[in-house]
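# Structure at a glance
One-letter residues, chain by chain:
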Amino acid sequence: MLVPARTGVDVPADCTLLLPAISVGNVGQLAIDLIIATLNMPKVGYFYTDCLLPMVGNNPYATNEENAKELSINAEVYALPSSKLAVLQLRSPIIKKKSKDFCQALISWIKRSSFSKVILLSSSHAYQRVDHQLFGTPFRYLLTPSLEGSVAGLLKGLEWKEMEKVSSYPGMNDEEKRISIPGGGFTKRLYDDCCSEEIQMAVVLKFCSEGDNIPDALALVNHVNTWLQLLEHSDAGLSPEWKIPSSWRLLFGNGLPPALF
Amino acid sequence: MATFFGEVVPVYSRAVQEEEEDEDEDEYLEEEDEEDREIKRELQEKRNVVVSWSPVTLSHIDSSPDKKISCSHFIAAVGDNPAAFVSSYILSSGDWEEVGSIRCWNERCRVSSSTRSVLPHAPSCCTFYRSTAKQALVCLCTCYVAEDQMFQWCEKVFGFLHKSRLKVTVLSTCPVSNYKTTQSTFDLPVPFLKALKTSTYVDKMACGHLEQPNVVDGLPAAVLMHCQEFAIPGVLYHCYTDMAKLDSVTVEAFCPVLSCPDMSHLAADAAQVKEVLKKVVKEVELQSNLYI
């Protein structure tokens, strides 16, 4: 359920919704952070749910002392009506065993808000790739049948690669194949639900490993940008300049005690 | 995954659980029989948060037009130190009465409802105190509230409170090692207070804002989130301390909170405060046999 934030901005009708999966390296969440910070998107509301761990902090996209004091919580919706774009940012993990309920809550909100399409930014364990996934681009996409008709051609033109199906029983029976997204959190569940609910949805993911995942997030957001054109390229050939949110400081710990030296 | 030295270590991810845990769970669900489902259902029911009120308060609630408690300030003290601060600096003034409790049954609090009636201050309880004259309701929460119970805790407690004219103050503590700063935590003047407020809270705060990238989680966060979502003015005072247990220095670190305009009238007499605080801290000291 969406609780409005009383900021005077509403979720525009017929817009694209971008949301992250809580997946390996938090790549989707970092990528969404980059989009909100760069496009300077205003907050429109809170996604009211009992499926995420509670969390509060001050504005992660603060640019000055004044807006640093705005409270932000675990699931917030941002929108840019001029670009017909809405973004849901998730900032805390899903409570154990609530992943199914969370996907259902997302689906019913998506249906009620009638988004033109939904794009899930995700990631998958690089070490669990099968042999033919080891070479070439680390990005993959998945489209629900209802979005395939309108978008598949365009993505093929951009030379995007579809997520391969892998054998259910490798080495024993290579006939039976299924989609597997290890480390992708609720990615597969939401994709399956969107397929059965006939929602126009795409998954864009990157194979990565745990560590400093900022380069992965930048790569993923650049990759998505080639399709959605969220941000124009500054110079021909160069990748667009994404704004790093102020809250990304101190990702690797505090300062050291001076007595050490 | 193998390390540089050749040993095989399990891959750890901060974002996701073991691979496809949920999927396996689904397959398992198909196999489980009626008895398993019954046990799960009973366990789930047992985990429900139960708010109970004293007979007098219950009759007040029933007689009010919208079945709510009249109070304009709700104070939630989460943890031993905030609870000790509220009991000594606020509740010792005398005009407070115990009006109810919250029972949370979970993996750490296993006191069943039958034993609770024998022990009104069982460790699985949060206790409510109310002052009719001061129009305030206090909740001392020293028990463990599990992840899946926090949302329900807020919905149930706020279900009994009038949303208009309500102000909320939350007090909590956290180890200073969790504080993120460009300095070393070694140089910080512990204990110290930091505050977070909802967008509808306009009053003066007792201390500075909690800077990004610091965040607060757990029950204090759940309460403040509820306030933000429903536009209730709320403030959270988070004390960073280097003491793991109850201690008087950490308790006293909350004193600036009483200087706020909507808290000052709640402060108890200084003489009573010292007495109660001494008693509370001494009880803990007696339990420790480290130096005997």
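Heads up: these notes are all about the structure in this document. In this text, all values refer to a predicted model and were calculated from it rather than measured experimentally. (Residues numbered from 1 in each chain as written. Chains lettered and ligands numbered in written order. Predicted model: local features only at pLDDT ≥ 70, side-chain atom pairs only at ≥ 80, totals over all residues. Heavy atoms only, no water.)

### A few points about the interface of chain B and chain A
This is how the line gets drawn: In what follows, residue pairs with any heavy atoms lying within 4.5 Å of each other are defined as contacts. By buried area we mean how much accessible surface two parts lose on assembly, using a 1.4 Å probe and totalling the loss over both. A pair is scored as a salt bridge if a Lys or Arg side-chain nitrogen falls within 4 Å of a carboxyl oxygen belonging to Asp or Glu. In the analysis that follows, any N or O atom pair within 3.5 Å is treated as a polar contact, provided that within protein one partner can donate a hydrogen and the other can accept it, and provided that, for residues neighboring in sequence, both atoms belong to side chains. Helix numbering and strand numbering both begin at the N terminus, where a helix is a DSSP run of H or I of at least 4 residues and a strand a DSSP run of E of at least 2.
Each partner contributes residues to the interface: chain B has 51 residues there, and chain A has 51 residues. Of the roughly 4,100 Å² buried between chain B and chain A on both sides combined, carbon and sulfur atoms contribute 57%. For the chain B face of the interface with chain A, the top three residues by lost area are R14, Q212 and E229 of chain B, together amounting to 16%. The interface formed by chain B and chain A contains zero salt bridges. Linking chain B with chain A are six residue pairs in polar contact (both at pLDDT 80 or more). Ranked by residue count, the leading element in the side of chain B that touches chain A is helix 7 (residues 218–229) of chain B, at eight residues.

### Quick look at the sheet that holds strand 8 (residues 215–217) of chain B
Heads up, the condition is: A pair of strands is labelled paired if DSSP reports no fewer than 2 bridges between them. Think of each axis as a best-fit line through the C-alpha atoms, taken over the contacting stretch in the case of a helix, with angles from 0 to 180 degrees between the N-to-C directions.
Pairing is antiparallel across the open sheet formed by three strands, whose spatial order is 5(A)-4(A)-8(B). Two strands close off the open sheet at either side, each with one partner strand: strand 5 (71–73) of chain A together with strand 8 of chain B. Adjacent strand axes in the sheet meet at a mean angle of 25°, parallel and antiparallel pairs treated alike. Pairing of strand 4 (residues 55–58) of chain A with strand 5 of chain A, which is carried by three bridges, proceeds in the antiparallel orientation. Following the sheet pairing, G57 of chain A is matched in strand 5 of chain A by S72 of chain A. Taken strand by strand, helix 7 of chain B contacts strand 4 and strand 5 of chain A together with strand 8 of chain B, and its axis lies near 105° from that of strand 8 of chain B.

### Brief notes about the pairing of strand 2 (residues 73–78) of chain B
All names here are of chain B. How we decide: Burial here depends on accessible area, computed with a 1.4 Å probe over protein chains only, as a share of the maximum for the residue type. Under 20% is buried, over 50% is exposed, and the range in between is partly exposed.
Taking burial as the measure, the six residues of strand 2 include six buried ones, the bulk of the element. The alternating pattern of strand 2 places H73, I75 and A77 on one face and F74, A76 and V78 on the opposite face, and all of these are buried. Where strand 2 meets strand 5 (residues 136–141), six bridges bridge the pair, whose relative direction is parallel. Residue pairing in the sheet places V78 in a bridge with C141 of strand 5. The pairing of strand 2 with strand 6 (residues 167–175) spans five bridges and is classified as parallel. If you follow I75 over to strand 6, its bridge partner there is T169.

### Section: the nonpolar core
Burial of nonpolar side chains together is a common tendency in soluble globular proteins. To keep it simple, the criterion reads: Joining through side-chain atoms within 4.5 Å is the link that ties buried Ala, Val, Leu, Ile, Met, Phe, Trp, Tyr and Cys residues into a set, and such a set is a nonpolar core.
In this structure, V56 of chain A together with F74, I102, F128, W153, F158 and V168 of chain B are the most contacted members of the largest nonpolar core, which totals 54 residues. It is helix 7 of chain B that provides the largest number of residues to this core, a total of seven residues. If you look at the next biggest cluster of nonpolar residues, it comprises 42 residues, including Y78, V151, A152 and L231 of chain A.

### Some thoughts on the packing of helix 1 (residues 27–39) of chain A against helix 5 (residues 214–228) of chain A
Residues and elements named next belong to chain A. This is how the line gets drawn: For a crossing to be left-handed, the near helix must be turned anticlockwise from the far one by less than a right angle; the clockwise case is right-handed. Under the scheme applied here, ten amino acids are nonpolar (Ala, Val, Leu, Ile, Met, Phe, Trp, Tyr, Cys and Pro), four are charged (Asp, Glu, Lys and Arg), and all others, including Gly, are polar.
It is at 8 Å that the axes of helix 1 and helix 5 come closest, and there the two elements cross at 65°. In this structure, helix 1 crosses over helix 5, and the sense of that crossing is right-handed. Contact residues: helix 1 offers V27, G28, L30, A31, L34 and I35, while helix 5 offers I214, D216, A217, L218, L220 and V221. Broken down by class, the residue content of the contact of helix 1 with helix 5 amounts to 10 nonpolar, one polar and one charged.

### Overview of empty space enclosed by the protein
Selection criterion: Here a cavity denotes a set of grid points, spaced 1 Å apart and computed over the protein atoms alone, in which a 1.4 Å probe fits but from which it cannot get out, and a pocket denotes an open set meeting protein on both sides within 12 Å along at least five of seven lines; residues with an atom within 4 Å of a point are reported as lining. Grid points are joined across faces, edges and corners, and a volume is the space filled by probe spheres set on the points.
A complete count under the given rule lists one cavity of 30 Å³ or more for this structure. Space inside the largest cavity adds up to approximately 130 Å³. Lining the largest cavity are 17 residues, and of these T49 and P54 of chain A together with F151, A222 and M225 of chain B lie nearest its centre. The set of elements that each furnish at least two residues to the lining of the largest cavity consists of helix 6 (147–159) and helix 7 of chain B. The residue makeup of the lining of the largest cavity, split by class, is 11 nonpolar, three polar and three charged.

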